[in-house]
Amino acid sequence: MDRRTRVLVVAIVVAFIAFLDGAVINIALPAIESELGGGLTLQQWAVDAYLLTLGSLILLAGSLSDSFGRLRILRIGLVGFGITSIACAIALDGAVLVVARAFQGAAGALLVPSSLALIIANFPRAEQARAIGRWTAWTTSAFLIGPILGGAFVDLVSWRLVFAINVLPIAMALVMLHPLGRDDPNPDRARVDWLGAALGVVGLGGTVFALIEQGRLGWADPLVFLPAAVGVVSLVAFVMWERRAPTPMLPLSLFRARNFAAGNLATWFIYAAFMLGLFALPIFLQEVGGFPATIAGLATLPPTAMLVILGSWFGTLGGKFGPRLFMTAGPIVVGVGYLMTVVVDVPVQYWWQVFPGMVVVGLGMAMTVAPLTSAILGAVDPSRAGIGSAVNNAVARIAGLVSVASIGAIVAGTLDVEGYRRVAVVTAALLLVGGVVSWIGIRNPTPSGQPSASAGAASSDERPRS
């Protein structure tokens, strides 16, 4: 196996680990709530505690990756993810699980941006779109395997194995990393923006806490409006600090590249919708439809299967024809798929109420994911691939964090039939906005790699520099 092939395999396995956790947790949520209590609030926190630390620290992780080396950060993240996965598996109450999930998210923040940065750093620009397409197709197999494994573990043994299973791919990744050696020292290593990281964590934490708890306590409760106020002030302070920090965690200069700015704005709406829909459907099928966890996992597989089968192909097409068309049409197709599921009713008739929509959702996701990733990372100088990947991953995770935290307000407290229909409509609306943003903002690169000037792209002087 040559070095480039090994790098791609390692990048796939590492991202697979983080994605596997996201794939299995939604299937296990009803069983976790049944054993530990806590209702919809615990289910939200089991997802959002992970997304909170993942989303708020992933920018810091990107900086660490560029400063201290991708391989070193990957190894630290893998070990940390393994330890925290075991902590989740042995949690005896909801509070311990939520805390363990938060630490697991912190470890997960070190994985995905470093894995993508490895690809960008080791593959020439002409081959990056295809490599990212292969990365997307194979890593999303976690979403294919995860629901089946998770459902089987929940039904046959325990939801705790959903977390313990992470140890196996972690061991595999550590073994495969060994032949790649160590990173060369970075002579231009910058200081780490610890203040920016702290402001980001406090800002997101306060805001998300308020969004989740307002459904139970109401906005007038001091336990809701005070964290909300602190969160908003911290987020404003974060942006102000990043504008003047000598070594910012979020280099705002990255957004001078048109495709990077527009792609991340589109990512916000698209991934908020992805997370919202995929959070609600497994819970609805189990708690309202009465599906066993294994069947609920199988019921959500069509989108993942189509993404695995077609993701690399659409990645190649995106590299050949440009990402704009795919980033526009893909989210709209996904939205149509979710609107097709609003016919759902009790008793749930899966094959005609849910399955057709899920097939359409899968087609749209396959059209979207690889071209979106390629468009954003292709706008970043390769020397800043780590932070560029981290920004995009942070946007995606934080968007999902906010959408899941908001589900209580969307469903009016109960994820029943009417609640799910509202979720489907909101999901489709977010996707429509994401498609429109892509059409207006994204520009296809020319053969030289620059966005098309004739289409109103940013000039070369606006591209970020190392």
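In the annotation of an unreviewed UniProt entry, the entry for the chain reads MFS transporter, and the organism field reads Agromyces luteolus. Note on the chain: under the UniProt heading Subcellular location (unreviewed entry), the record states "Cell membrane".

Chemist: Just to check I follow, could you spell out unusual backbone geometry for this structure?
Modeler: Residues apart from glycine generally show negative phi values, whereas peptide bonds are mostly found in trans. Cis geometry marks the peptide bond from Val346 to Pro347, where omega comes out at 0°. As for its placement among the helices and strands, Pro347 is situated in the loop between helix H15 (324-340) and helix H16 (350-353).

Chemist: Please explain helix H14 (residues 301-321) as it appears in this structure.
Modeler: Along its 21 residues, H14 runs 29 Å from first to last C-alpha, staying within 8% of the 30 Å computed at 1.5 Å per residue. Among all positions in H14, only Leu301, Pro302, Pro303, Thr304, Met306, Leu307, Gly311, Ser312, Phe314, Gly315, Leu317 and Gly318 are buried. Where H14 terminates, the next one or two residues include Gly322, which has phi positive at roughly 95°.

Chemist: How should helix H3 (residues 70-89) be read in this particular structure?
Modeler: Helix length check: H3, at 20 residues, gives a terminal C-alpha distance of 28 Å against a target of 28 Å (1.5 Å per residue), a fit within 8%. Residues of H3 that are buried: Arg70, Leu71, Ile73, Leu74, Gly77, Leu78, Phe81, Gly82, Thr84, Ser85, Cys88 and Ala89.

Chemist: I tried to follow the pattern of salt bridges on my own but got confused; where do I start?
Modeler: Where charged atoms from two side chains of opposite charge approach closely, those side chains can pair. Following the criterion strictly, the structure yields three salt bridges and no others. Its salt-bridge partner being Arg421, residue Asp345 comes within 3.9 Å of it at the nearest N-O pair. Placement of Asp345 in the loop between H15 and H16 and of Arg421 in helix H20 (residues 417-441) is noted, with a sequence separation of 76 residues between them. The partly exposed category is assigned to Asp345, whose relative accessible area is 37%. With relative accessibility at 22%, the residue Arg421 sits in the partly exposed group. Glu418 is paired through a salt bridge with Arg421; the nearest N and O atoms lie 2.7 Å apart. With Glu418 and Arg421 both in helix H20 and three residues apart, this pair spans about one turn of that helix.

Chemist: Got a minute to help me understand the packing of helix H1 (residues 3-36) against helix H6 (residues 125-139) in this structure?
Modeler: The relative placement of two packed helices comes down to the angle between their axes together with the axis-to-axis distance. Across the interface, H1 lies against H6 with an axial gap of 9 Å and an inter-helix angle of 40°. Our classification of the angle between H1 and H6 gives oblique. Crossing angle aside, the handedness with which H1 passes H6 is right-handed. Packed against H1, whose contacting residues are Arg4, Leu8, Ala11, Ile12, Ala15, Phe16 and Phe19, the element H6 presents Glu127, Ala131, Arg134, Trp135, Trp138 and Thr139 at the interface. Grouping the constituent residues of the contact of H1 with H6 by class yields nine nonpolar, one polar and three charged.

About the criteria used
- Residues numbered from 1 in each chain as written.
- Predicted model: local features only at pLDDT ≥ 70, side-chain atom pairs only at ≥ 80, totals over all residues.
- Heavy atoms only, no water.
- UniProt positions renumbered as here; feature names shortened; annotations may be inferred.
- Helix = DSSP H or I, 4+ residues; strand = E, 2+ residues; numbered from the N terminus.
- Expected span 1.5 Å × (residues − 1).
- Buried < 20%, exposed > 50% of the residue type's maximum accessible area, 1.4 Å probe, protein only.
- Salt bridge = Lys/Arg side-chain N within 4 Å of Asp/Glu carboxyl O.
- Axes fitted to C-alpha atoms, helices over the stretch in contact; angles between N-to-C directions.
- Parallel < 35°, antiparallel > 145°, perpendicular 65-115°, else oblique.
- Left-handed = near helix turned anticlockwise from the far one by under 90°.
- Contact = heavy atoms within 4.5 Å.
- Nonpolar A, V, L, I, M, F, W, Y, C, P; charged D, E, K, R; others polar.

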